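So the chains spell out like this:
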Amino acid sequence: MNKKPFLEGIRDGVPIGLGYFAVAFSLGIVAQKAQLNAFQGFIASFFNVASAGENALFNSILESATYIEVAIITFVVNARYFLMSCALSQRFSPETKFFHRLLVGFGVTDEIFGISIAREGYLNPWYNYGAIFISVPLWSIGTSLGIIAGNILPARVVSALSVALYGMFIAIIIPPAKKDLIITIAIVVSFISSYLCGIIPGIKTLSGGTRTIILTVVISAIIALIKPVKDEETESKGDAE
């Protein structure tokens, strides 16, 4: 019963893992400048699994920040995953055990969240396990190889590899946007709002993660008020009547 969703998770996790590998490679170069070895970089990536969070982590180490400073900046940059975890928790069957929720929460990333939330019906945790199984190791290995390579590769090559992740993210949001006008509007508003928050004095001084949290809460709340999603059970009763 769990084999099919697990294999589907691996299938959908392959392009994510390849994109992660490319981006993690460039992060590995930053980690190498912070004097981390390949094993340390692997462990850091395996337990963080966040490009912005790891970039903040490695740069904090490079600047000889204290443990408390490293913990706070990593927490702030990665805080958006609280929102994603809350959203995913609503997609599980009420009978789903706590340890399944905990393990799925460990592997929540922007891309894995995207493919998970797009699935219909209750979310089977084994689907997430499949995506995590292939993408997280590639992410961690990419960081290690980036550390080993150091600055050998030209900057243009590393920059070109990093584009793959953005292309993959666009591939995730386009299909649901084609099916639902509200999602399309929300995406467009998010892009415009994100750009404006990056240039408005005062707001632009906030970290990217903090701006993302604020925009996510505000835009999703407004969309929910304007066009709430009907509860399936309520809708079914209405149709029956």
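Residues numbered from 1 in each chain as written. Predicted model: local features only at pLDDT ≥ 70, side-chain atom pairs only at ≥ 80, totals over all residues. Heavy atoms only, no water.

1. Overview of the nonpolar core
Item 1. If you look at the biggest cluster of nonpolar residues, it comprises 32 residues, and the most contacted ones within it are Leu-36, Phe-58, Leu-88, Ile-112 and Trp-139.
Item 2. Sequence-distant contacts of Ile-112, defined by excluding residues within four places in its chain, comprise Ile-16, Tyr-20, Gly-107, Asn-128, Ala-131, Ile-132 and Ser-135. (Core = buried A, V, L, I, M, F, W, Y, C linked by side-chain atoms within 4.5 Å. Buried < 20%, exposed > 50% of the residue type's maximum accessible area, 1.4 Å probe, protein only. Contact = heavy atoms within 4.5 Å.)

2. What about the confidence of the model for the chain?
Item 1. In the predicted model, the chain carries a mean pLDDT of 81, and 86% of its residues have values of at least 70.
Item 2. Here residues 232-241 is modelled with pLDDT under 50, and outside its nearest four sequence neighbours on either side it reaches 1 contact, counting other chains as well. (pLDDT = per-residue confidence, 0-100.)

3. A word on unusual backbone geometry
Item 1. Not every positive phi belongs to a glycine, and Gln-35 is a case in point at roughly 70°.
Item 2. Its location among the elements puts Gln-35 in the loop between helix 1 (3-33) and helix 2 (38-48).
Item 3. We note that Val-49 has phi near 50°; this positive angle belongs to a residue other than glycine.
Item 4. Here Val-49 lies in the loop between helix 2 and helix 3 (51-62).
Item 5. Given a relative accessible area of 4%, Val-49 falls into the buried group. (Helix = DSSP H or I, 4+ residues; strand = E, 2+ residues; numbered from the N terminus.)

4. So, the packing of helix 2 against helix 8 (residues 125-149)
Item 1. Interhelical geometry of helix 2 versus helix 8 gives an angle of 150° and a closest axis separation of 8 Å. Judged by the inter-axis angle, helix 2 sits roughly antiparallel to helix 8. For the crossing formed where helix 2 meets helix 8, the hand is right-handed. For the pair helix 2 and helix 8, contact is made by Ala-38, Gly-41, Phe-42, Ser-45 and Phe-46 and by Val-136, Trp-139, Ser-140, Ile-141, Thr-143, Ser-144, Ile-147 and Ile-148, respectively.
Item 2. Taken together, the residues that form the contact of helix 2 with helix 8 break down as 8 nonpolar, 5 polar and no charged. (Axes fitted to C-alpha atoms, helices over the stretch in contact; angles between N-to-C directions. Parallel < 35°, antiparallel > 145°, perpendicular 65-115°, else oblique. Left-handed = near helix turned anticlockwise from the far one by under 90°. Nonpolar A, V, L, I, M, F, W, Y, C, P; charged D, E, K, R; others polar.)

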